[in-house]
Amino acid sequence: MSAEIPAPQMGFPKIYQVIKNSLCTACGGCEAICPMQAAKVQLYDEANYDKFTPTVDEPTVVKLFSEISREDNYCANRQCYVDCDTCLACQNCLACERICPILDGFPGDDELDNVIDQRIGKSSIHGQDGGAVTGILKSLFEQGEIDAALSVSRNDDWETEVVVLTSAEQVASAAGTKYTYEPVLSSLREVLKNYEKIAVVGTPCQAHAASLLRENLTDKIKLVIGLICMESFTYDDMGENIIPNILGLDRKTVNKLDFAKGKFVAETADDKALVPIKEIAHLARKPCHHCMDYTSYYADISVGSIGSPDGWSTIFIRNNIGKEYLDKVKGIEYHDKPIFMDIVVKLAAQKHKNNAWDYEKFNEVVWAGGEWTPEEHST
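Residues numbered from 1 in each chain as written. Predicted model: local features only at pLDDT ≥ 70, side-chain atom pairs only at ≥ 80, totals over all residues. Heavy atoms only, no water.

*Asks:* How should the side chain of Ser123 be read in this particular structure?
*Replies:* Examined against the element boundaries, Ser123 turns out to sit in strand S5 (residues 117-123). When sequence neighbours within four positions are dropped, the list of residues in contact with Ser123 reads Gly130, Gly131, Ala132, Gly135, Gly331 and Ile332. (Helix = DSSP H or I, 4+ residues; strand = E, 2+ residues; numbered from the N terminus. Contact = heavy atoms within 4.5 Å.)

*Asks:* Which parts of the structure should I look at to understand helix H9 (residues 320-328)?
*Replies:* Structural remark: α-helix, 3.6 residues per turn; residues separated by three or four positions point the same way. Inspection of H9 places Gly322, Tyr325 and Leu326 among the buried residues, and these make up the whole buried set. End-on view of H9: buried residues confined to an arc of 100 degrees, all on one side of the axis. Taken together, the buried residues of H9 touch S5, helix H5 (132-142), strand S9 (221-227), strand S13 (301-304), strand S14 (313-317) and strand S15 (332-334). A side-chain oxygen of the first residue of H9 lies 3.1 Å from the backbone nitrogen of Ile321; this N-cap is Asn319. (Buried < 20%, exposed > 50% of the residue type's maximum accessible area, 1.4 Å probe, protein only. Arc of directions from axis to C-beta. Polar contact = N/O pair within 3.5 Å; in protein donor to acceptor, adjacent residues only side chain to side chain.)

*Asks:* Is there a simple way to think about the pairing of S13 in this case?
*Replies:* Regular strands place side chains that alternate from one sheet face to the opposite one. Of the two faces of S13, the one carrying Ile301 and Val303 and the one carrying Ser302 and Gly304 are both buried. Examined bridge by bridge, S9 and S13 share three bridges and lie parallel to one another. Within S13, the position partnered with Leu227 by the bridge is Val303. As judged from the four bridges shared by S13 and S14, these two strands associate in the antiparallel manner. Considered in S14, the bridge of Ile301 is made with Ile317. (Pairing = 2+ DSSP bridges.)

*Asks:* Help me understand the pattern of salt bridges in this model?
*Replies:* Note on pairing: side chains with opposite charge can pair once their charged atoms come close. For the structure shown, the criterion picks out 15 salt bridges. In this structure, Lys138 engages Glu142 in a salt bridge whose closest nitrogen and oxygen atoms are separated by 2.3 Å. Of this pair, Lys138 and Glu142 both sit in helix H5, separated by four residues, roughly a single helical turn. For Lys138, a relative accessible area of 27% puts it in the partly exposed group. Two residues, Asp157 and Lys252, come together in a salt bridge whose shortest N-O distance is 3.2 Å. (Salt bridge = Lys/Arg side-chain N within 4 Å of Asp/Glu carboxyl O.)

*Asks:* So what exactly am I meant to see when it comes to the packing of aromatic side chains here?
*Replies:* One pair of aromatic rings is described through two measures. These are the centre distance and the angle between the planes. Applying the stated rule across the entire model yields seven aromatic pairs. Between Phe362 and Trp372 the ring centres are 5.4 Å apart and the planes differ by 90 degrees, which places this aromatic pair in the edge-to-face class. Remark: Trp372 occurs in the segment after helix H11 (359-367) and Phe362 occurs in helix H11; sequence separation between them is 10 residues. Here the two residues Phe362 and Trp372 agree in accessibility, since each one is buried. Members of the aromatic cluster, connected to one another through ring pairs, are Phe106, Trp357, Tyr359, Phe362 and Trp372. Between Arg119 and the ring centre of Tyr334, over which it is positioned, the NZ or CZ distance is 5.2 Å. One residue, Arg154, lies across the ring of Trp158, its end atom 3.6 Å from the ring centre. (Phe/Tyr/Trp six-rings, centres within 6.5 Å; stacked < 30°, edge-to-face > 60°. Lys NZ or Arg CZ within 6 Å of the ring centre and 35° of its normal.)

In structure tokens:
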């Protein structure tokens, strides 16, 4: 790449406004699609990036623009900020704009208007509640319907990492909900090189970005499984604060975390500790406070526990892709009672109310090329 080539004069991609205003979910979609590999989702550099609480290692895109990259890395010849070791720089191709869940917007007030079927299910495999996601992935691997799945695993300290599952035997390693966040889609670029039939499991923002990647980048993403999610936390807050300080437990002894009946619950083999959700909600990751998607609206299949009996999973089928794949799954037992929809609707409405901001105005301003300011976030 010649240093004499001038930087394009099209202006920053509109995703810049998402990052600048602390709305970036760190889903990893921009890293997956960027042809220059100029977008990188990492923990922010506390020394030169002050848009997040200094005590929290908040993941976001840190390499794409000058405001969030090294200030000593300016290239006078190219008139841009560039990683001079590999000569990678944002070229304003605008691919990242097409897969950003924030720039695409959120569902309307009725998050269930695209559900074509709903079931209460339980797998025989150990997992969160009914273990439905674990059972779905295992069965699809066994039948050759998928050859890779992006998910998240944890160690005994509840530290998480993105994993690429490639066999039914590996699925159990990613079972259970962690409630901390990893940029799942950041790993998609390498996965696309080696696999043809990929499933993605993620939170609403990750499921949204995965569906946009399928529309704009690749048909190798065969199934998107979204998790029903109110909010997530950084490891600093969950592993270093909530579990040991607020719940008073040794995180190495905790075998399950859960949101249930207005409480956040941690279970060990011999004990259980809980705290009202409202007492820890403020510790959620900053982008979660702007999220208006509770049930993973843009997924093919959404899975959670709310609205189902203990030990069972709530499953929403949101399109024909989801129905096609779920109908192929073996080893899932289905309950004869319907989902208790009142509580699902109530919690979705609660998330919309608590996180209300004028995202439609935000997108109107941004897509028109205008500048958005933080004080305009709330309605």
